[in-house]
Amino acid sequence: MSKKVLIGVAWPYVNGDIHVGHLGGYLLPADIVARFHRLKGDDVLMVSGSDCYGTPITVEADKKGLKPEEVVDMYHKKDLELFKMYGLDYNLYTKTTTQKHKEVVHEVFLKLLDNGYIEKGVMQQYYAIDDNQFLPDRYVEGTCPYCNAGNQRSDQCESCGRWLKDGELIDPVSKLTGSKVTLKDTEHYFLNFEKLESQLREYLDANKENWKKWVWNEANGWLKEGLQRRAITRDMDWSIDLPIEEIKKRDESKQLKDFAGKHIYVWFEAVIGYLSATRAWCEMEEGTSDTIFKRDEGQSRNWEDWWKSSDSVIYNFMGQDNLVFHALMWPGQLMGLDDGYQLPKFVVVNKFLNYEGKKFSKSRNWTIDSKVIAEKYGVDLVRYYIARNLPENKEGNFTWEDFVASVNNELVANLGNLVNRTLTFINSKFNGELESENFKPDMTLSQTALKLMIKTKAFLFFEGITEKERESGEKDMVYNPEINNWLGSEQFEYLNRFTELQNGSNGPWLVNALDTVMGYSRLANQYFDATKVWERVKEGKDGKDQAQEILLNLVNVLYDLSIIMYPFMPETSGKLLRMLGRETIKTEMGSDMWKSVFDEDCTRQLITHLKLSEVELLFDKLDPEKVLAEKDSTD
RNA sequence: CGCGGGGUGGAGCAGUGGUAGCUCGUCAGGCUCAUAACCUGAAGGUCGUGCGUUCGAAUCGUACCCCCGCAACCA
């Protein structure tokens, strides 16, 4: 039976364009891991959607003179197109404005209420007197009590940088109407995290080895500090309603005095999207125009298989600003349901990806349009560059100069060149066809090649080698089982790690995994040189037979590469496979493409016959001057 | 003393007690199948600073300096 893997990707706010930083922070890492699991034939469900409610949306709507719904529709549509373009392979990408989401949110709310984790409380909030409405902090401005600067936000004075507490702002007024604002008591529901603390402690301790160290430490820091109850309702119209009718059936002690204007706070509701989207996907027959939808043959349509089965694994991907919600709040919500829910096992958080050393900033026009860059340079180049710069441990940086260098010196020079030199060689010397019944796993390689491979750790190819022999590289060894033996044992430890996360590896470390792909390509280039295959073909029939075997070896490496690069560069993978005359990757459940490369039992079928399709360049070289001009255009 | 992360050759990063590594760049050489690509070799680091623990510290402790993130509805 296929393992169930649920990949929950943080829900992007639909108040602006998705830039390269979002891609690097969580969108692309999630997609890479999802594709990896699909290669292994796992039953993968990747869900996410647009986070549609809350103040950021209404702020953007005001700015554009639109209704919140219109802003949501506009950006949701744009995001859908962008994600399709980047090949982000969601099973369901939906939004939080759906009926299903609302239903599930209500269900969760009521369950937590009944279980005693939600309680009432009174807090103070800004209230516009003339307009008769509560205002979010963002909509209040006044004079800073410290530096007397006017027109400052209620939370921070931009002039002197001080943080302001509620009520400190002098002469606060509504940004919308100019109406005078005061602080007023307001009753809300709160989630009592204190009651969940010991369970959260257990949860963290159980996952110490599964999360990156800094992620765990940060979550641990929050928990040690002590979690306080947190408001889960607001006086804010652009939000999901409370299930008032249902609440009214409850005991009086659970009811607010006045439900008017009370809505569910976005932080509480958005994460429930993982659950609601799973359930929606299970019930859906097909996608709609405002979703990305995909279902493979044989995938389970019982949502509990992902959420309540012990052999399902849940991942969550997010940017660092979302850490506390995913590492503590959301697990807390699930615990409070007390209904056998699986908790996220891998909370995968990345830091931010900066742009030329500075934070991406829409307001300062310091941003790269994800769509434009992909159109110009190709999705896979961008995917590659982002993937190799993922801010897994510390902030990453996107620079145009580095982008060109990475593409030209790594992708083109190493991987692209390997493919091109191998395939054009086969074309010119063998008319694009190879066939060797003699191609067996026990072929003997040249001494030089041996030495090289031994040095580069490829010695794991060979059986019975001693440390001394390894150092000298002298032994005339036999090329043992297959290339994949080596793959399985050493190089692919990384790739294996990034999902299994065994041995306390605190991953996933996608950068390392990508490094492995490139390292494998580099090794093949060394092999090409060491075997001097271009000389072999000049040495009569024997030489040509040898060359054929060498090339078949290389072809098999290319096949491996096309598969292991797939999670990172799916388009390129398909392109390479087509050139090799192979089928492109199928990642249906149970297809187990991974096993065709990575298989401990070495049952893999080697390619012994080859008929090349038309050969083309895998990547085009970038013109540095043209690309560097991009930088100036954003200044 | 709010919480947390980081400071390792020109750049970007691995490395958490035992001869300082990788990718890119630089320099020299080789090769010519290949997108002036590939391969080999070399130069280049007192691992932020001081003190301490230890036979031994980039790695542990401590003090300090610098950069950054979060704490706010910025991914």
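Note: the structure precedes this text.
What you see is a predicted model, and the numbers here were worked out from it, not measured in a lab.

Draft legend 1. Broad picture of the sheet that holds strand β5 (residues 133-134). Strands sit in the order β5-β4-β9-β10 across an open sheet of 4 strands; the sheet is antiparallel. The open sheet has two edge strands with one neighbour each: β5 and β10 (230-231). Taken together, the 2 bridges between strand β9 (residues 181-191) and β10 define a ladder with antiparallel strand orientation. Looking at the pairing, L191 lines up with R230 of β10.

Draft legend 2. Up close: the packing of aromatic side chains. The tally for this structure, following the rule as stated, stands at 29 aromatic pairs. Centroid distance F109 to F268: 6.4 Å. Interplanar angle 85°. Geometry classified as edge-to-face. Here F268 lies in helix α8 (residues 266-270) and F109 lies in helix α4 (residues 99-114), a separation of 159 residues in the sequence. Taking the centre distance of 5.5 Å and the plane angle of 15° together, the rings of Y355 and F360 count as stacked. On the basis of relative accessibility, which here comes to 0%, the residue Y355 falls in the buried class. The rings of Y355, F360, W366, Y377, Y385, F398, W400 and F403 are connected pair by pair, giving a single aromatic cluster.

Draft legend 3. Region of interest: unusual backbone geometry. A positive phi angle, near 50°, is found at D338, a position not held by glycine. Mapped onto the elements, D338 comes out in the loop between α11 (323-337) and β16 (346-350). You will see that N431, though not glycine, has its phi angle at about 55°, which is positive. Tracing the backbone through its elements, the reader meets N431 in the loop between α14 (400-430) and β19 (433-435).

Parameters at a glance
Residues numbered from 1 in each chain as written. Chains lettered and ligands numbered in written order. Predicted model: local features only at pLDDT ≥ 70, side-chain atom pairs only at ≥ 80, totals over all residues. Heavy atoms only, no water. Pairing = 2+ DSSP bridges. Helix = DSSP H or I, 4+ residues; strand = E, 2+ residues; numbered from the N terminus. Phe/Tyr/Trp six-rings, centres within 6.5 Å; stacked < 30°, edge-to-face > 60°. Buried < 20%, exposed > 50% of the residue type's maximum accessible area, 1.4 Å probe, protein only.

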